[in-house]
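# Survey of secondary and tertiary structure
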Amino acid sequence: MTTSGTGPGPIPGPTENSLRRALKRARDGVALDVAEAAVLLQARGEALEDLAASAARVRDAGLEAAGRPGVITYSKSVFIPLTRLCRDKCHYCTFVTVPGKLRRAGHGMFMSPDEVLDVARRGAALGCKEALITLGDKPEERWPEAREWLDAHGYDDTIAYVRAISVRILEETGLLPHLNPGVMSWTDFQRLKPVAPSMGMMLETTATRLWSEPGGPHHGSPDKEPAVRLRVLEDAGRSSVPFTSGILIGIGETYEERAQSLFALRKVSRAYHGIQELIIQNFRAKPDTAMRGMPDAELDELVATVAVARHIMGPSACLQAPPNLVDSEYGRLIGAGVDDWGGVSPLTIDHVNPERPWPQIDELAEKSAAAGFELRERLCVYPEFVGRGEPWLDPRLLPHVRALADPQTGLAVPDAVVEGHPWQEPEEVFVPSGRTDLHRTIDTEGRTSDRRDDFDEVYGDWAALREAAAPGMVPERIDTDVRQALATAADDPTKLTDGEALALLHADGPALDALTRIADDVRRSAVGDDVTYIVTRNINFTNVCYTGCRFCAFAQRRTDADAYTLSLDQVADRAQQAWELGAVEVCMQGGIHPDLPGTAYFDIAKAVKERVPGMHVHAFSPMEVVNGATRTGLSIREWLTAAKEAGLDSIPGTAAEILDDEVRWVLTKGKLPAATWIEVVTTAHELGIRSSSTMMYGHVDQPRHWLGHLRTLAGIQQRTGGFTEFVTLPFIHTNAPVYLAGISRPGPTVRDNRAVTAMARLLLHPHIPHIQTSWVKLGTEGAAEMLRSGADDLGGTLMEETISRMAGSSYGSYKSVKDLVAVADAAGRPARPRTTLYGEVPEERQRAAAESDGHLPQLLPVLD
């Protein structure tokens, strides 16, 4: 195999037989592997013509299936180089510059809003519909001048400016922003998704050596590490962001490395269905760069790569090759399988390749027609995603997209009036809708069906997920002596090593009995014999959610039969009713409703406090906190501060699941990463907002994940002291999508529950004194057993519990005070009420709870 550009040295090319076999497999539509793709990338002459012809047939089949046969698309755009400063040092780049050169040219460190809007307005007047916003990666982390500019203009970071200028483009010009800010975090995607229908970042290559080895084109560029860039592509998919990516060919990669890059892109595309287009870009050497002496990638290289990419990505993929980099050889690219020309501007230059002017649109149409294709205009977001709507397009963007899109095809309306529209939160958010009586009827009527209608699409690709889940579910061999581990636990549980802890998490039989006795002894010495409980009411204000958690049976689309949203008055009514029944707390959480503004959480807290000033508001999971912060443009600290001012008292430590991203990305498509969960609870604690902590287990996890999770929680508690308790949450499998898809286990065993409860007591000692067991998930007998295994708290009466009931729990939606006392009695222990922060409950509250028995009078028992 030979190299492309400058690789590690020439290697013999493919044999005639291997090329012939690979060509036949391509012609026959058989899936290629990396080795075959690498062979085909070297096809030339008649072999390349054969390869291109089969690729074109694949493309044509896809266009036919998409309802646009014989159509090749482009986007009429303006190119806005928001800043040319960057922290990276790519050896082929002329886009990036330094502060001194910008000053000498009379430019600022960033384009000003006036400069950006001037370009956008002129583009809109010419019928452009896309504002391609391109910039260097995190310039403020390298250049003090960039940091000073952002500070002077009131922006925390570059992403904040990108968000702000995108809103102004939408409102003042009508162009749709397509954002290329480089490497983004999961949180960055949440911040930018409401202001841009699409985003992009080139993968370029997966060849790590081109980044890690001195002299490589990406050496010294932290954002060009392939693993980092692949994580960005995955986070885009998890966040349901229509995303553009691609590869840059001829920068020193081998043919095998190039093939591996294409297969990596296919893997991400299959897993999340979020890559809207793939760009195949050929390297062009530029003067005044470190790679000025390298040869350009030849046209045959580009044609072969386009054809191989088409075969790998399949008929439904959208493939683009920049027309200004191929010297008018459009016909060969069309013949190899492209179906898009990318952004073409009648106004601005290509600032990344300024020496290569865009072709005239009329010329592009003529060349396309000569190859038998009609040139049609699209938007920056591809037709498929225009048609998909939620969750791929934020509700605040829908009016902007619909103003420019043909509702039948999803393509652009060429003569649409391009004008600004308000970017604003949807009106009438808190309108009661749907099955608002679900908290009552879930016990009597049940759910409408065991799964959503979009089961096969909303959670990602189940086959890819099954493959990803397999390694994490392999049991490990335990060599540590369980007897020695039990001795350490009995003597001083804080001295347990990871090996000993892992051995105890696997304990069974007499060893497990011994473990639970030790944990119960530690519980007795730490908090005494009292079993505590709280008179509380759960209020789930909406179950409309598009996050795509694969363990959750609560989330519904707004059109699903079991979907609902409560009004603010209904929330306040339920809080008042709970107060009258003796409650000291309301626990409020909801789905990530796409219409819900980031300030809605403040409104919910205020509504409760205004109606019932004495009620403790325990509300909003870390996922909801991040949602609120990103929708308002506030930092997590600023948002939590505002929420506290609105009446928030503490937050539930839910949305933790397992704090290991290996497990999290199987359990959920779009939920916050472990590091972000930690950031939220740590920030809350620093602000004096305490939280619970939780772990959901028994799905695609193993004891090693439980150990890591518990160690993480103990570390946080040692730093902040903000956790009130640890709550064990056994996975309810019955209606969980990840179980229905045949991937997860059917929940934890009794052994698992006992071991987790006992080890939580030991590993969190003495930092988190209270261990809560869940009657909702375990029932009366199961909860009593956990009280004998180290737990000391039963949680709340709940009054209405829908999340576990929707998942298939059979233990009802509430427990009365007498029920909870009976659980403690079954464990041979006294019971007493508590507040959220484990304080004494006022006598007046205790009397009210005793009179009502802590439950709603109209709730009915569970029907068998």
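Rules used in this analysis
- Residues numbered from 1 in each chain as written.
- Predicted model: local features only at pLDDT ≥ 70, side-chain atom pairs only at ≥ 80, totals over all residues.
- Heavy atoms only, no water.
- Helix = DSSP H or I, 4+ residues; strand = E, 2+ residues; numbered from the N terminus.
- Buried < 20%, exposed > 50% of the residue type's maximum accessible area, 1.4 Å probe, protein only.
- Areas by Shrake-Rupley, 256 points an atom, 1.4 Å probe, with all protein chains shown as cover.
- Lys, Arg positive; Asp, Glu negative; His and termini not counted.
- Charge placed at Lys NZ, Arg CZ, Asp CG, Glu CD.
- Axes fitted to C-alpha atoms, helices over the stretch in contact; angles between N-to-C directions.
- Contact = heavy atoms within 4.5 Å.
- Nonpolar A, V, L, I, M, F, W, Y, C, P; charged D, E, K, R; others polar.
- Phe/Tyr/Trp six-rings, centres within 6.5 Å; stacked < 30°, edge-to-face > 60°.
- 1 Å grid on protein atoms, 1.4 Å probe; cavity = no way out; pocket = protein on both sides within 12 Å on 5 of 7 lines; lining within 4 Å.
- Points joined across faces, edges and corners; volume = space filled by probe spheres on them.
- Expected span 1.5 Å × (residues − 1).
- Salt bridge = Lys/Arg side-chain N within 4 Å of Asp/Glu carboxyl O.
- pLDDT = per-residue confidence, 0-100.
- Polar contact = N/O pair within 3.5 Å; in protein donor to acceptor, adjacent residues only side chain to side chain.
- Pairing = 2+ DSSP bridges.
- Right-handed = clockwise from strand over helix to strand, strands pointing away.

We now examine the overall build of the protein. Counting secondary structure elements, the protein contains 35 helices and 21 strands. Seen through its C-alpha atoms, the protein measures out along the principal axes to roughly 85 × 60 × 55 Å. Counting all 864 residues of the protein, 63% fall into the buried class. Entry remark: accessible area of the protein is about 31200 Å², with carbon and sulfur atoms responsible for 50%. Of the charged side chains in the protein, 91 are positive and 119 negative, and the gap between their average positions amounts to 2 Å.

Attention now goes to the packing of helix H32 (residues 775-787) against helix H34 (residues 817-826). How two helices pack is summed up by the angle between their axes together with the distance between the axes. It is at 7 Å that the axes of H32 and H34 come closest, and there the two elements cross at 35 degrees. Between H32 and H34, the contacting residues are Trp775, Thr780, Ala783, Ala784 and Leu787 on the first element and Leu820, Val823, Ala824 and Ala826 on the second. Each residue belonging to the contact of H32 with H34 can be placed in one class, and the counts come to eight nonpolar, one polar and no charged.

What follows deals with the environment of glutamate 467. For glutamate 467, the position within the fold is in helix H19 (residues 462-469). Considering only alpha carbons, one finds glutamate 467 and leucine 179, 288 residues apart in sequence, at a separation of 32 Å.

This brings us to the packing of aromatic side chains. Applying the stated criterion across every chain yields a total of 17 aromatic pairs. Consider the rings of phenylalanine 385 and tryptophan 392, whose centres lie 5.2 Å apart with planes at 70 degrees: the pair is edge-to-face. Taken individually, phenylalanine 385 and tryptophan 392 each receive the classification buried, so the pair is uniform in this respect. Taking the centre distance of 5.1 Å and the plane angle of 35 degrees together, the rings of phenylalanine 602 and tryptophan 639 count as tilted.

Let's shift gears to the environment of proline 69. With respect to the secondary-structure elements, proline 69 resides in the loop between helix H3 (46-66) and strand S1 (71-83). Between the alpha carbons of proline 69 and alanine 563 there is a distance of 38 Å; along the sequence they are 494 residues apart.

Turning our attention to empty space enclosed by the protein. According to the stated counting rule, one finds four cavities of 30 Å³ or more in the structure shown. Approximately 380 Å³ is the volume attributed to the second largest cavity. Elements supplying a minimum of two residues to the lining of the second largest cavity: helix H8 (186-192) and helix H25 (622-632). Its residues placed into classes, the lining of the second largest cavity shows 10 nonpolar, seven polar and six charged.

What follows concerns helix H24 (residues 600-611). Its 12 residues give H24 an end-to-end C-alpha distance of 17 Å, which sits within 8% of 16 Å, the value for a rise of 1.5 Å per residue. Looking only at H24, the buried set comprises Ala600, Tyr601, Phe602, Ile604, Ala605, Ala607 and Val608.

The next thing to look at is the pattern of salt bridges. According to the stated counting rule, one finds 56 salt bridges in the structure shown. Arginine 87 is the partner of aspartate 223 in a salt bridge, and the nearest nitrogen-oxygen pair spans 2.7 Å. Residue aspartate 223 is found in the loop between helix H9 (209-212) and helix H10 (226-238), and its partner arginine 87 is found in the loop between S1 and helix H4 (99-104); the two are separated by 136 residues along the sequence. Notably, a salt bridge pairs aspartate 793 with arginine 834, separated by 2.7 Å at the nearest N-O pair. Here the residue aspartate 793 occupies a position in strand S20 (residues 793-796), and arginine 834 occupies one in the loop between strand S21 (831-833) and helix H35 (843-852), the gap between them amounting to 41 residues. With respect to burial, aspartate 793 and arginine 834 carry one shared label: buried.

Confidence in the prediction for the protein averages 90 pLDDT; 92% of positions are at 70 or higher. Note that residues 5-9 has pLDDT below 50 and, in this model, 11 contacts with residues that lie over four places away or in other chains. Across residues 859-864 the pLDDT falls below 50, and counting only partners more than four positions away or on other chains, this stretch makes 13 contacts in the model.

This paragraph deals with helix H11 (residues 255-272). Over its 18 residues, H11 extends 26 Å from the first C-alpha to the last, a length consistent with the 26 Å expected when each residue adds 1.5 Å. Burial within H11 is extensive, with 13 of its 18 residues counted as buried. Backbone geometry just after H11 places histidine 273 at a positive phi near 55 degrees.

This part covers the side chain of threonine 348. Looking at where threonine 348 falls in the secondary structure, it is placed in the loop between strand S8 (340-344) and helix H14 (361-370). Within the structure, the side chain of threonine 348 is placed 2.8 Å from the backbone nitrogen of phenylalanine 79, a separation counted as a polar contact. Contact partners of threonine 348, with chain neighbours within four places excluded, come to Val78, Phe79, Val119 and Trp358.

Take the pairing of strand S15 (residues 616-619) next. The alternating pattern of S15 places His616 and His618 and Val617 and Ala619 on opposite faces, both of which are buried. Sheet topology places strand S14 (residues 585-589) next to S15; four bridges connect them, and they run parallel. Bridging from a neighbouring strand, glutamate 585 pairs with histidine 616 of S15. Traced from S14 through H24 to S15, the parallel crossover comes out right-handed.

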